[in-house]
Amino acid sequence: MTRAALHWFRDDLRLADNPGLAAATAHGPTLCLYILDEGGERRRLGGASRWWLAQSLRALSASLRERGAELVVMRADPADLLPKLVAEAGIDLVTWSRRYEAAAIALDRDLKETLVGAGVTVRSFNSHLLNEPWQVSSKLGEPMKVFTPYWRAARAKGEPAAPEPAPQRILPLPLPRALARAAVDLTDLALEPARPDWAGGLRAEWTPGEAGAAERLGDFLSGSLGGYGEGRNRPDCVSTSRLSPHLRFGEIGPRQIWHACQTASAAGMAAGGASDIDKFLSEIGWREFSYHLLFYNPELATKNYNARFDAFPWAPETQALKRWQRGQTGYPLVDAGMRELWATGWMHNRVRMVVASFLIKHLLIDWRQGEDWFWDTLVDADPASNAASWQWVAGSGADAAPYYRIFNPVTQGEKFDPRGDYVRRWVPELADLDDAAIHTPWQASASALRDAGVSLGETYPMPVIDLAFGRQRALDALASVSGETVLSR
Ligand SMILES: Cc1cc2nc3c(=O)[nH]c(=O)nc-3n(C[C@H](O)[C@H](O)[C@H](O)COP(=O)(O)OP(=O)(O)OC[C@H]3O[C@@H](n4cnc5c(N)ncnc54)[C@H](O)[C@@H]3O)c2cc1C
């Protein structure tokens, strides 16, 4: 029997450290396939993610071509397409990297059953995580609910396997003639915005694809890893790796990041010391923990992890949500973050926490509205990390920040953007205010505002809500569902 393989690319858009691709190409001529599947139960990708996906597929296609293969792209229901394709092409091995959302798991399970029933070998692999959700558990064998013991247990498992290099050459398996017409050009997928083309800021900021991810990692290890433990809180400098969208689409995997940290450190090439590396890897640990939570709580993006929050008295829909989305709340740090998100598809973690807390607590808007907006606008919108992080800020999640921890956008700005550089970059109409007023324009004197060319209510909005009022309203709302009275602190 001739040997022929198919590797189905999904959230593993890379050649190196891709064990499914390696197994397929070692088996025989390989069909490299990506399917855009928008019909099933899986959540449709948001706009920024669709843009990223288009660039990433383009990069993957070019790397495959350099190694002799083609990326075949189709828009289809995988449950229909794959059995037909495998039969037509005489494929006897199908490989893929595992996914962890309930709808994807169900699809993969059913498909595997069908293919195996047809005599095809199906092999699935882990390329997305250091540890798959079921590999870490409490001493009683139960899912973990608290990050610190989770991460301790994960680290106790030892070093992750060393990443495999990319295959040098790939023997291509041509698409059978009967299905050739089902293949589409990337542009036919209409993943990128046309009119209006809002992606200019994304293009300027990012280089999607495996090579772009490797470059980001290299720059980080020799740059902002130094002092990461402290610096990671500063949105006014490049203080973190910005690897999140690359990880989201599997252009790089956590095993590669882990080993690159160790190698750079051993070679004296890492800008940071052991504590910076530990802190950085523990952030990768939060990503792992989020997948652990998602796997055991498939409705993490829509349902309160802590059911006590089901009765939470959210405020009725107002214009406030729109003002938050557009970066027009009148609080400079919040507005800077929301505008950075709109322009680049990304926002610094510290600012994500501040804008999320402001929406949920000061504006009393259901965290799901914020999660949804981030899902549409983030290039790193991730089914696990986005949902887990929103629930973390809301206080409804696992190991969450207590609901009564309410970030004050003014003091957060003064602490983490002390000279106002971040605000000046993203809220240019405030650029000429002096440092003392940059986070509180409504408190500036009339002459300071005039000198800076700021006219409140015209060139920049008045605050959408009074902070003390919003804070107390949030605490009262909490008391109504928990019976806890939290004194203002
Ligand atoms: C409300 C809210 C929503 C978020 N939504 C997402 C999301 O959709 N996708 C996403 O990847 N991250 C999300 N995060 C987590 C975090 O903000 C981003 O991962 C981080 O800002 C990405 O920047 P970086 O790559 O420079 O991070 P670095 O500091 O360089 O961290 C390295 C990697 O660790 C992971 N990581 C870091 N912090 C976290 C965290 N708190 N939770 C989970 N993983 C983390 C990311 O994969 C990141 O790339 C969210 C945080 C909040 C508060």
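Preceding this paragraph is the structure being described.
Now for a quick tour of the structure.

Rules used in this analysis
Residues numbered from 1 in each chain as written. Predicted model: local features only at pLDDT ≥ 70, side-chain atom pairs only at ≥ 80, totals over all residues. Heavy atoms only, no water. Helix = DSSP H or I, 4+ residues; strand = E, 2+ residues; numbered from the N terminus. Rg over C-alpha atoms; globule rule 2.2 N^0.38 Å. Buried < 20%, exposed > 50% of the residue type's maximum accessible area, 1.4 Å probe, protein only. Contact = heavy atoms within 4.5 Å. Areas by Shrake-Rupley, 256 points an atom, 1.4 Å probe, with all protein chains shown as cover. Lys, Arg positive; Asp, Glu negative; His and termini not counted. Charge placed at Lys NZ, Arg CZ, Asp CG, Glu CD. Pairing = 2+ DSSP bridges. Axes fitted to C-alpha atoms, helices over the stretch in contact; angles between N-to-C directions. Parallel < 35°, antiparallel > 145°, perpendicular 65-115°, else oblique. Left-handed = near helix turned anticlockwise from the far one by under 90°. Nonpolar A, V, L, I, M, F, W, Y, C, P; charged D, E, K, R; others polar.

1. With respect to the overall build of the chain
- A tally of helices and strands in the chain yields 20 helices and five strands.
- The C-alpha atoms of the chain give 24 Å as radius of gyration, which agrees with the globular expectation for 489 residues (23 Å, within 12%).
- Each principal axis of the C-alpha distribution contributes one length, and for the chain these read about 85 × 50 × 50 Å.
- Expressed as a percentage of the 489 residues in the chain, the buried residues total 55%.
- A fraction of 79% describes how many contacts in the chain between residues 6 or more apart in sequence connect residues 24 or more apart.
- Taken as a whole, the chain presents about 20900 Å² of accessible surface, with 51% of it coming from carbon and sulfur.
- Averaged over its 54 positive side-chain charges, the chain has a centre that lies 2 Å from the centre of its 59 negative ones.

2. Things to note about the sheet that holds strand E2 (residues 30-36)
- Pairing is parallel across the open sheet formed by five strands, whose spatial order is E3-E2-E1-E4-E5. If you trace the sheet from one side to the other, it starts and ends with strand E3 (71-75) and strand E5 (121-125), each paired once. The mean angle between the axes of side-by-side strands here comes to 25°, regardless of whether they run parallel or antiparallel.
- The pairing of strand E1 (residues 5-9) with E2 spans five bridges and is classified as parallel. Note that in E2 the partner of His7 across the bridge is Cys32.
- Of the strands in this sheet, E1, E2, strand E4 (93-97) and E5 are in contact with helix H1 (residues 19-27), which crosses E4 at around 165°.

3. Remarks on the packing of helix H14 (residues 349-362) against helix H16 (residues 385-394)
- Running from N to C, H14 and H16 point in directions that differ by 60°, and their axes come no closer than 9 Å. By the angle between their axes, H14 is oblique relative to H16. In this structure, H14 crosses over H16, and the sense of that crossing is right-handed. Touching Met353, Ala356, Ser357, Leu359, Ile360 and Lys361 of H14 are Trp390, Trp392, Val393 and Ala394, all from H16.
- Looking at the contact of H14 with H16, its residues break down into eight nonpolar, one polar and one charged.

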